[in-house]
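So the chains spell out like this:
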Amino acid sequence: MELKTYQKNTLNKLTAFLEQARLIGIQPSFEKLQDAKGYSTKYDTLKELEDVPYVCLRLPTGGGKTLLSSYSISTAANSYLEQEYPIVLWLVPTDIIRKQTLEVLKNPLHPNREALDKQFDGHVAVYDISEFTQLRPHNLVEKTNVFVATFAAFRVNSTDGRKVYAHNENLEPHFSHIPSVDYLERDENGTLKFSFANLLAYSRPLVVIDEAHNHASKLSVEVLQRLRPSAIIEFTATPATNSNVLYKVSASELKAEDMIKLPVRLIEHKSWEDAVTNAIQTRQRLEEVAQAEPAYIRPIVLFQAENKDKEVTVDVILNHLVEQEEIPREQIAIATGEQRELDGINLFDPQCPVRYVITVQALKEGWDCSFAYVFCSLAKVQSSKDAEQLLGRVLRMPYAKRRKHDDLNRAYAHVAVASWHEAVGKIRDNLIGMGFEDVEANANIDYMPPLFDIPPQEETETLVFHVETVPKVETLNLALQGNIAIIEKPSGGYEVTIRDAGKTDLQELVSKATEVFTDANDRVQLVKKVVSAKAYTRPLTLSEIGEVFSVPQLCLDFGDGPELAEKETFLPNSWDLLSFPATLEAFQVNHETHVYEIDIQGTKLSERAVGTPEALAFGSATHWTQVQLVHWLDRKLRQPDVPYEALVEYIRRVLEHLQVQKQVKLPDLVKLRFVLEKLLREKIAANRKKAYDAGIQHVLIETEHVAIVAPDEAMTFLPGRYPAKSCYHGRVLFNKHFYPLVGDMNKEEVDCAQIIDSHKNVKMWVRNIERYREFSFWLPTATDLFYPDFVVQLTDGRIAAIEYKGKPYETNDDSKEKDNIGQLWARRSNGKCLFLMAKKKDECGKSLYQQIDELLN
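Computed from a predicted structure; not experimentally measured. (Residues numbered from 1 in each chain as written. Predicted model: local features only at pLDDT ≥ 70, side-chain atom pairs only at ≥ 80, totals over all residues. Heavy atoms only, no water.)

Asker: Could you give an account of the overall build of the chain, naming the residues involved and the relevant values?
Answerer: Counting secondary structure elements, the chain contains 27 helices and 29 strands. Here the chain, with 857 residues, has 56% of them falling under the buried criterion. With an accessible surface of roughly 37,500 Å², the chain has 49% of that area assigned to carbon and sulfur atoms. (Helix = DSSP H or I, 4+ residues; strand = E, 2+ residues; numbered from the N terminus. Buried < 20%, exposed > 50% of the residue type's maximum accessible area, 1.4 Å probe, protein only. Areas by Shrake-Rupley, 256 points an atom, 1.4 Å probe, with all protein chains shown as cover.)

Asker: I'd like a rundown of the nonpolar core, residues and numbers included.
Answerer: In this structure, F154, F196, F303, L431, F587, F717 and W825 are the most contacted members of the largest nonpolar core, which totals 223 residues. With eleven residues, helix 24 (residues 673-702) is the largest single contributor of residues to this core. The contact partners of L431, leaving out residues within four places of it in the chain, are V264, L391, L395, F436, A441, N444 and I445. Formed by 24 residues, the second largest nonpolar core is a distinct cluster that contains I756, V762, W765 and L834. (Core = buried A, V, L, I, M, F, W, Y, C linked by side-chain atoms within 4.5 Å. Contact = heavy atoms within 4.5 Å.)

Asker: Describe in detail the environment of E597, supporting the description with residues and values.
Answerer: Following the sequence through the fold, E597 ends up in strand 21 (residues 595-600). Owing to a relative accessible area of 39%, E597 belongs among the partly exposed residues under this scheme. When the C-alpha positions of E597 and F587 are compared, they lie 6.3 Å apart, and in sequence the two are ten residues distant.

Asker: Explain the packing of helix 21 (residues 626-637) against helix 22 (residues 644-660) to me, using residue names and the numbers behind them.
Answerer: Contact geometry for helix 21 and helix 22: axes closest at 10 Å, N-to-C directions at 130°. When the axis of helix 21 is compared with that of helix 22, the two are oblique. The two elements helix 21 and helix 22 cross, and the hand of that crossing is right-handed. In contact with Q626, L629, V630, L633, D634 and L637 of helix 21, helix 22 contributes Y644, L647, V648, I651, R652, L655 and Q659. Each residue belonging to the contact of helix 21 with helix 22 can be placed in one class, and the counts come to nine nonpolar, two polar and two charged. (Axes fitted to C-alpha atoms, helices over the stretch in contact; angles between N-to-C directions. Parallel < 35°, antiparallel > 145°, perpendicular 65-115°, else oblique. Left-handed = near helix turned anticlockwise from the far one by under 90°. Nonpolar A, V, L, I, M, F, W, Y, C, P; charged D, E, K, R; others polar.)

Asker: Give a description of the sheet that holds strand 16 (residues 484-488) that names residues and reports values.
Answerer: Whether parallel or antiparallel, the strands of a sheet pair through hydrogen bonds between backbone atoms. The three strands are arranged 15-17-16 in an open sheet whose pairing can be described as antiparallel. Two strands bound the open sheet, and with one partner strand each, they are strand 15 (461-467) and strand 16. Strand-to-strand twist across the sheet, computed as the mean angle between neighbouring axes with direction ignored, equals 15°. Where strand 16 lies against strand 17 (residues 494-501), five bridges are found, and the strand directions are antiparallel. Looking at the pairing, I486 lines up with V496 of strand 17. (Pairing = 2+ DSSP bridges.)

Asker: Tell me about the sheet that holds strand 5 (residues 206-210), and name the residues and values.
Answerer: In space, the seven strands of this open sheet follow the order 3-4-2-5-6-1-7, with parallel pairing throughout. This sheet does not close on itself; its edge strands, each paired only once, are strand 3 (124-128) and strand 7 (245-248). Geometrically, the sheet is characterised by an average inter-axis angle of 20° between neighbouring strands, direction not taken into account. For strand 1 (residues 54-58) and strand 6 (residues 231-236), the ladder comprises five bridges, and the chain directions are parallel. Residue pairing across strands places C56 opposite E234, the latter belonging to strand 6. Sitting on the sheet, helix 1 (residues 5-24) is in contact with strand 1, strand 6 and strand 7, with an inclination near 155° to strand 7. Set on the sheet, helix 3 (residues 65-81) makes contact with strand 2 (87-92), strand 4 (144-150), strand 5 and strand 6; between it and strand 6 the angle comes to about 160°.

Asker: Summarise empty space enclosed by the protein; cite the residues concerned and give the values.
Answerer: Enumeration according to the criterion identifies four cavities of 30 Å³ or more in this entry. When its volume is computed, the second largest cavity comes out at roughly 40 Å³. Residues that form the lining of the second largest cavity fall into these classes: nine nonpolar, no polar and no charged. (1 Å grid on protein atoms, 1.4 Å probe; cavity = no way out; pocket = protein on both sides within 12 Å on 5 of 7 lines; lining within 4 Å. Points joined across faces, edges and corners; volume = space filled by probe spheres on them.)

Asker: Quick one: what's the story with the pattern of salt bridges, residue by residue and with numbers?
Answerer: In this structure the tally under the stated criterion is 44 salt bridges. A salt bridge links E547 to K763; the shortest N-O distance between them is 3.3 Å. Here E547 is found in the loop between helix 19 (520-532) and strand 18 (549-556), whereas its partner K763 is found in strand 24 (residues 762-767), with 216 residues between them in sequence. Look at E547 and you get buried, because its relative accessible area is 11%. What makes K763 partly exposed here is its relative accessible area of 31%. The partner of E649 in a salt bridge is R653, and the shortest N-O contact between them spans 3.0 Å. Here R653 and E649 lie together in helix 22, a separation of four residues that amounts to about one turn. By relative accessible area, which is 31% here, R653 ends up partly exposed. (Salt bridge = Lys/Arg side-chain N within 4 Å of Asp/Glu carboxyl O.)

Asker: An account of the side chain of N9 is needed here, citing residue identities and associated values.
Answerer: On the secondary structure map, N9 appears in helix 1. You can call N9 buried: its relative accessible area is 11%. Residues within four places of N9 in sequence aside, it is in contact with Y247, R771 and Y772.

Asker: So what's going on with helix 8 (residues 196-203)? Residues and values would help.
Answerer: Extensive coverage of helix 8 is indicated by the burial of six of its eight residues. The complete set of buried residues in helix 8 reads F196, A197, N198, L199, L200 and A201. Two residues or fewer after helix 8 comes R204, characterised by a positive phi angle close to 55°.

Asker: Could you give an account of the environment of C555, naming the residues involved and the relevant values?
Answerer: Looking at the element boundaries, C555 is found in strand 18. It is 6.8 Å that separates the C-alpha atoms of C555 and A710, two residues lying 155 residues apart in sequence. Not counting residues within four places of it along the chain, the set of residues in contact with C555 comprises P562, E563, L564, A565, V706, A707, I708, A710 and E713.

Asker: Describe the packing of aromatic side chains, naming the residues involved and giving the relevant values.
Answerer: Considering all chains together, one arrives at 24 aromatic pairs under this definition. Plain terms: the ring middles of F147 and F196 are 4.9 Å apart, the flat faces sit at 55° to each other, and that makes the pair tilted. You can see F147 sitting in strand 4 and its partner F196 sitting in helix 8, a full 49 residues away along the chain. Neither F147 nor F196 differs from the other in exposure class; each is buried. Pairwise contacts between aromatic rings join F549, F717, Y722, F738 and Y739 into one cluster. Geometry around W632 places R673 over its ring, the cationic atom sitting 5.6 Å from the centre. Above the ring of F790, the side-chain terminus of R767 is found at 5.7 Å from the ring centroid. (Phe/Tyr/Trp six-rings, centres within 6.5 Å; stacked < 30°, edge-to-face > 60°. Lys NZ or Arg CZ within 6 Å of the ring centre and 35° of its normal.)

Asker: Describe the side chain of Q20, with residues and values.
Answerer: Secondary-structure assignment places Q20 in helix 1. Here Q20 falls in the buried class, since its relative accessible area comes to 5%. For Q20, the residues in contact, after removing those within four places along its chain, are G25, S29, K32, L33 and Q601.

Asker: Explain unusual backbone geometry to me, using residue names and the numbers behind them.
Answerer: A cis amide bond links L262 with the next residue in sequence, P263, at an omega value of 0°. Position of P263 relative to the elements: it lies in the loop between helix 10 (251-256) and strand 8 (264-269). Its identity as a non-glycine residue notwithstanding, R204 has a phi of 55°, on the positive side. Relative accessible area serves as the criterion here: at 23%, R204 is assigned to the partly exposed category. Even without a glycine there, the phi angle at Q663 is positive, about 55°. You can see Q663 is positioned in the loop between helix 22 and helix 23 (666-671).

Asker: Report on the pairing of strand 28 (residues 799-804), specifying residues and quantitative values.
Answerer: Within strand 28, six of the six residues are buried, leaving the element largely enclosed by the surrounding structure. Residues of strand 28 alternate between two faces, with I799, A801 and E803 on one and A800, I802 and Y804 on the opposite face, all of them buried. Count of turn residues in the strand 27 (residues 790-794)/strand 28 antiparallel hairpin: four residues, of which G797 carries a positive phi of about 95°. As judged from the six bridges shared by strand 28 and strand 29 (residues 833-838), these two strands associate in the parallel manner. Paired with I799 across the bridge in strand 29 is C833.

Here it is in structure tokens:
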């Protein structure tokens, strides 16, 4: 499974933190690298575990926490533990999730297990905590061993806990080489226990915690203290107050990358019977449109019943479905603690008949089926504690890919409540509980009045407007289709009349505008009419009405046609790693003290040679040959733009240089192989940057004519795909932002945005999101991609890119490089593009307003 951009960003942040923690310390690394707005920037240590990195990665429900957990194991092993095969304790909150996790990780064909096997070349073993006696001493040095357990299994007063802490003769071989250290537990006679807990405590496992907010108690901390972990990595949508949140992923990022269905279309009903009927009708409509999808989808309704002592119980719903709605019994499955009709059922099988699932709370965790589209809560929403988890069951997108029909990109919630205000409020709170920001929750609840119980006194409208293309009305509900008249005009185009259109009809028209009206201008005409009819409580943004916002990108044409100006296209054809010196200046040897002094990522690291008593206690792998070390480094360092033969030869030359010129012994290099891998990665990146710099300077100065801005090579800001990591919460209201949400900004950037938004020549603009090349505008630099802060479309069609730089950064090399590439893009666009490196006050004394106004006029 290809990782999504937000998942790669999460792992990159974890890697950077762990590498820096190894070099400068845990707390300084956390405070330097934390990227989780809204959470404490102060690092809190666990008592008695002050030397243990303990961080939380916050991902909303549906973000793929289990997959990232699998990848995090190798990340920690390489970046901090410096171990080939770590021992891992994977802790989950409940027995249901333990079983589900084991099923996934023990399946060699599942993407989560494939991720583990890929990182460790298949040398992986996964165990239930009850299977610890199967572990053999040689397993610890030959493979990564993952034990899945609940926290309860390590609490001394539980049955499983007593087994974990008890003496077990099967573990005796492990203890033949373990010294009798103070922190290991002994029996009443003072004899060392051969217990699994002792083995873990001595081995210092990597601890991965799923849904960490469930483990914030004092008892859970005591468990961790007894286990003596080497590092703790938490994954959750709702971090506990004492969690060190290192990185935060937003729901907008998941939505942009097709992981979840949004918005949630909320329909409230006065009675539970109406809610059921509406839910059934919604599902049937979805199944009809799913027939045109390239991949099989069978939409499912998830009914939340009330407890047995209430009115709308499981049996009541079942009888209603079978007798009143005439649903075949085989299409219904009951999933409660007592009735487990989903056990052994593959809901993704096209032959499976199940279309309706009734539960109370049994499916609130450990159950994921992306075919679940409709959540129908018949319990009193304001009193349901489980609605949050159950709503999360219908948010996952089938196959993590946007569907062709837009109705299949949404989730649906039918609720039976006395007031829709409390329904909206509760669903909003549930979304926040799943990791949404408040503005994300507000923007992703699409309230619709009931489809079949509209009050007869509802006001209706008749709309008449002109369009250029024939509307495709077949995607609309049948009643609405019957009220639409289309007349072809002799002068060209069509006159569309929509009679007796209620608020529901108008909202349906807008939500399906891109399907009904293929021409963007036609969609604009529709929305103007709908907005004038006051069908929406807030103005719709241009992205919501189908406006197109495309930005031409920088290309290079060396004579064989334009090619998108990626960093790699600036590399000279002669880029050859072997043309650079095979030396490591950062690796120095003090022969008098037998200490290696290593400068890595700007930090000094000292390591003793193997021959010293301190290093011998470390346990160096002195049996390796140079060929084995080269192979190990090659596997860690493989890169797409460096041929295998060149990389292997470069590594060989570096090792030869270290051994011959600096007199470093091979056992020491083997011992320091993790550090050596980081040094070589830095060195190769530095060599590549030199080649990039030379290539970019060649284009900028000597052959600028090869740079072109081609209209055919453009990025387009797509509706519903705005992966803002954090959203702007300030008081300023923006009228021309392309999307409903605005990415986060500091005070100076807000000042820029206000000037842009209020300018008479601006049609629309976007707060550009960095690190998302698929959904944002970017330009190449020697080190990375450059994402200007703001992208603006003027009323005359020109495009402007504006980057704001505060005083400390105005004149540094990074800003100069960005300014150069931005100005090149503008120069080569034949006047169609503009670029500004904005400052609070420029060299000519112009204010920020004057700089932007001059650009946009």
